[in-house]
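# What the coordinates show
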Amino acid sequence: MIRFNKHAILAAALLFFPVVASAQRPTSEEAERMLRTNPALLDQIRQRILTSGLTPEQVRARLRAEGYPEDLLDAYLGGGQAGPGTAGQQEDVFQAMTTLGLADTSEVTLLRCGLNLDAVQVGDSALPPGVIDNPASRREQRNRAIQARCTARFDSLTRALRYRSGIDADSGFTLFGLETFRQPSNLFDPNLTGPVDPSYQLGPGDKLVLILTGDVEQSYQLEVTREGFVVIPQVGQLFVNNLSLAQLEDVLFSRLGRVYSGVRRGAGATTRFYITPARLGSNQIFVQGDVILPGAHRISSAGTAMSALYAAGGPTDNGTLRRIQVRRAGTTVAELDVYDYLLRGDASKDVRLRNGDIVFVGIHGPRVRIVGEVARPATYEMKPGEMLDDVVRFAGGFTPTAARARVQIERILPPSQRSVVGVDRITTEVFSDQFAAGTAPNLPVQPGDVIRVFPVSSRVRNRIAVRGNVRMPGLQGIQPGRTTIAQALNAAGGIKSDSYLGQILISRMERDSSRTQLRAALRDTTGVVIGDFLLQEDDEITVFSVSEFRHPRYVAISGAVQNGGRFEYREGMTVRDLVLMSGGLEESALLTEAEVARLPQDRTGGRTATTFRISLDSSYIFSRGPDGKYLGPPGLPAPAGPSPDQALLPYDNVLILRQPNWELQRNVAVAGEVRYPGKYALETKSERISDILRRAGGLTTEGYSDGIAFVRNRNSIGRIGIELPRVLRNARDRDNLILQDGDSIFIPRYSGVVHVKGAVNSPLAVAYVPGRDLAWYVRSAGGPGVRADLGRAYVTQPNGKVEAAVKRRFAPDEQPKPRPGGVIFVPERDPSERDSLTVFSTAFTTIASILGSLVAVIAIVNR
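Below or above, wherever it landed, is the structure these notes cover. (Residues numbered from 1 in each chain as written. Predicted model: local features only at pLDDT ≥ 70, side-chain atom pairs only at ≥ 80, totals over all residues. Heavy atoms only, no water.)

All right, on to the sheet that holds strand β1 (residues 207-214) then. The antiparallel open sheet is built from three strands, whose spatial order is β2-β1-β5. The open sheet has two free edges, formed respectively by β2 (218-223) and β5 (271-279), since each of these has just one partner strand. Neighbouring strand axes in the sheet, compared pairwise and without regard to direction, differ in orientation by 20 degrees on average. Pairing analysis gives eight bridges linking β1 to β5, with the strands arranged antiparallel. Considered in β5, the bridge of Val209 is made with Thr276. Each of β1 and β5 is contacted by helix α10 (residues 245-259), which is oriented at about 140 degrees to β5, the strand it contacts most. (Pairing = 2+ DSSP bridges. Helix = DSSP H or I, 4+ residues; strand = E, 2+ residues; numbered from the N terminus. Axes fitted to C-alpha atoms, helices over the stretch in contact; angles between N-to-C directions. Contact = heavy atoms within 4.5 Å.)

As paired elements, strand β18 (residues 504-509) and strand β19 (residues 515-522) share six bridges and run antiparallel to each other. Within β19, the position partnered with Arg508 by the bridge is Thr516. As consecutive antiparallel partners, β18 and β19 are separated by five residues, and within that stretch Ser513 has a phi angle of approximately 70 degrees, a positive value. Summarising the sheet, β19 and strand β20 (residues 529-530) pair through two bridges and their orientation is antiparallel. Directly across from Leu522, in β20, lies its bridge partner Val529. Here β19 folds back onto β20 in antiparallel fashion, the turn holding six residues, of which Gly527 has a positive phi close to 95 degrees.

Once that is clear, we can look at α10. End to end, α10 covers 21 Å across 15 residues, agreeing with the expected 21 Å (1.5 Å per residue, within 8%). Listed in full, the buried residues belonging to α10 are Leu245, Leu248, Leu252 and Leu256. Close packing links the buried residues of α10 with β1, β3 (229-232), β4 (236-239) and β5. (Expected span 1.5 Å × (residues − 1). Buried < 20%, exposed > 50% of the residue type's maximum accessible area, 1.4 Å probe, protein only.)

Another aspect to go through is the nonpolar core. A general feature of soluble globular proteins is that nonpolar side chains tend to end up buried together. Among the nonpolar cores identified, the biggest contains 45 residues, and Val338, Ile370, Tyr380, Phe398 and Ile451 are the most heavily contacted of them. In terms of residues, this core owes the most to one element, helix α11 (residues 305-311), which gives five residues. Once residues lying within four places of it in the same chain are set aside, the contact partners of Ile451 are Arg369, Ile370, Val371, Leu388, Val391, Val407, Gln408, Ile409 and Val445. (Core = buried A, V, L, I, M, F, W, Y, C linked by side-chain atoms within 4.5 Å.)

In total, this model carries 39 salt bridges according to the counting rule given. For Asp733, the salt bridge identified is with Arg726, shortest N-O distance 3.1 Å. Under the relative-accessibility criterion, Asp733 is labelled buried at 13%. By relative accessible area, which is 28% here, Arg726 ends up partly exposed. Among the salt bridges present, the one from Lys801 reaches Asp735, with a minimum N-O distance of 3.1 Å. (Salt bridge = Lys/Arg side-chain N within 4 Å of Asp/Glu carboxyl O.)

Spelled out as structure tokens, the structure:
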């Protein structure tokens with residue numbers, strides 16, 4: 001049985017039931033599950049799009065114009081299979097269909113409800129008395145009908161999901177038979193085009209086809225008028241209302257024979273005719289009482305009481321399914337019991353309806369509920385004289401897991417029997433041998449009875465469990481007093497070869513449900529038990545494996561290998577095996593020797609490992625060209641080998657050494673105003689900035705050495721300020737840094753401006769004036785702003801160095817002097833800090849207040 005989250009079983013309404021009250025709407029996950037249970041809905045969406053008259057390109061273009069993904073409806077445009085998707089994706093599809101005019105809002109609502117657009121003819125219902133017939137009133141009535149159908153379907157699906165989820169699995173609250181009318185189905189759709197049985201009575205709206213063959217070859221389309229006539233060319237007008245097809249044939253023999261001499265009965269006829277319905281008319285049927293959509297409905301003239309009942313949404317929860325009356329001209333002409341159709345497939349009392357018939361659904365009769373181990377636990381409506389056996393039969397009989405010794409009936413006492421206050425319900429136990437045969441005794445039932453059929457005991461007897469290191473562990477049956485441990489192990493396929501023979505454990509359950517520990521031993525892996533004994537039910541045998549007690553053993557490799565780490569140890573493993581398992585050596589590996597660290601035999605003195613060196617050779621290089629030559633970078637000479645393999649022990653650590661000073665080329669990028677820009681490989685590890693610029697041909701005539709941008713990408717250091725003019729004059733200058741891999745040098749052109757940014761009144765670039773300091777350039781940019789913190793202003797020189805004002809205690813601050821291409825930045829004050837004037841004013845006010853108070857005190861004392 002499918003299980004759903006019990007907090008989400010109302011979730012179907014989110015996608016399918018937007019017309020249901022928001023308090024009843026479920027989550028999107030359950031709505032998606034409902035959609036998966038109704039694949040016909042996907043076909044309806046596809047059919048609606050394909051019959052819209054739009055080509056796939058037009059649909060995609062209109063989707064794109066409306067802001068939807070153009071492939072939103074691709075799954076429905078072709079002949080492929082469209083999956084249900086998520087709830088959000090389906091909602092996008094419905095919205096797109098409405099926007100593109102492929103369906104109106106009421107039709108989309110029906111699609112959400114999972115109802116068939118063609119089967120639900122809510123728009124054909126007659127308007128209530130006193131309502132003006134116009135498109136607006138028709139639309140309003142259609143929406144009300146859709147609301148009622150969707151609400152009823154929602155309630156039905158909710159009950160079904162609650163049952164399937166296990167919340168109400170033993171409740172039986174499902175009203176048997178109502179879901180037949182809640183599901184989207186064409187089960188009760190009448191035949192609209194024929195053929196029909198000979199007893200079908202013709203009426204207004206029918207369309208007949210008359211075919212003449214033989215001496216005359218002709219066919220006619222004959223419409224039955226409102227007055228019940230058809231007009232046949234050259235024959236005239238015939239009254240056919242309420243005639244069966246057989247009666248019409250008799251009339252046609254007479255009337256056609258007057259015009260066509262070859263029309264006659266018997267073998268001598270030279271002209272023959274055939275009459276068959278091409279389209280059936282409709283009748284106005286009134287469905288009243290406790291139904292979802294009471295009122296007038298247009299039903300096919302071939303429709304029956306079940307067709308009308310389905311068009312009206314079926315009975316409500318209060319409606320009857322056992323006594324549905326068909327009234328004609330004030331007389332009850334038939335009474336339908338839906339249970340006959342649902343339980344036995346008997347539709348003999350489902351009469352064909354005529355125009356003006358009334359289908360009346362009254363209040364339901366007595367109901368009883370049967371729950372538990374029956375095929376269809378539900379609530380059933382009972383007729384007078386029906387007994388307990390009938391209820392069991394309605395429910396499909398007992399399930400195989402039913403305990404057929406007794407049935408319990410919970411009953412509400414009749415008012416006349418409630419002699420003691422508070423004793424309104426009783427429980428009756430019914431014992432009968434008939435339960436074993438699948439039937440029940442003919443005991444009367446009463447309204448409100450709850451019949452409970454209990455399951456057999458869940459405990460399984462004569463069973464043991466064999467677990468652990470056997471070939472087929474699991475449960476197995478035993479013969480009490482005859483099955484031994486050896487027999488149980490043999491039935492489990494025998495023990496595995498790595499089983500621990502010293503002891504097996506047997507856990508035995510005592511009568512008080514406590515357990516006692518027993519044990520035995522194994523002679524060998526054939527399963528011969530030493531000290532074997534008989535087993536009892538619920539015993540649990542556990543066989544252990546030697547590998548369970550073995551700690552994981554490993555070896556490790558590190559250093560110049562592709563994938564270093566730990567590897568499972570295997571007996572006979574060598575260093576060469578371990579190198580292979582690690583992906584081979586790196587290009588920097590030293591091919592003369594490696595180091596092995598091994599656990600010491602003697603740990604005195606804090607010793608943790610014993611190390612020794614082993615020989616390597618060129619045979620450890622596994623990647624070679626077709627001619628067997630090594631294609632990697634040159635390295636130190638290595639012996640040709642192969643040298644003897646070194647066997648490994650558990651927990652050995654192998655270190656593959658690297659070649660001294662081995663590394664690939666270091667690259668430095670030089671760009672800008674140099675003669676030969678490009679990416680240069682360093683020749684030595686001590687190469688400096690001046691060396692690489694010399695290799696690049698030096699600076700061009702337009703190169704601005706004071707504006708050098710030196711960036712170190714290694715370790716994300718970033719730009720470093722360099723005094724390049726000093727470096728070019730003196731190679732020993734401290735700014736002549738040793739280069740590293742990934743460094744970059746950029747020499748810009750000369751820039752004759754100084755940029756002023758930050759909290760100034762007019763941030764701009766000011767022409768460079770030799771000798772002017774930071775304050776002068778700030779004034780040239782309109783001066784500091786209201787919130788400027790001029791004391792923390794700084795200059796980023798064109799070479800990347802940052803300079804700030806040097807504060808002096810007894811002399812004016814020394815302001816930095818920007819160079820051409822420099823950038824001045826004036827930060828804003830921190831809003832949490834108060835300026836010195838504000839601090840001084842506050843302090844002065846406080847001191848003055850204290851002094852005033854002190855003077856007043858002194859004056860009072862002196863008096």
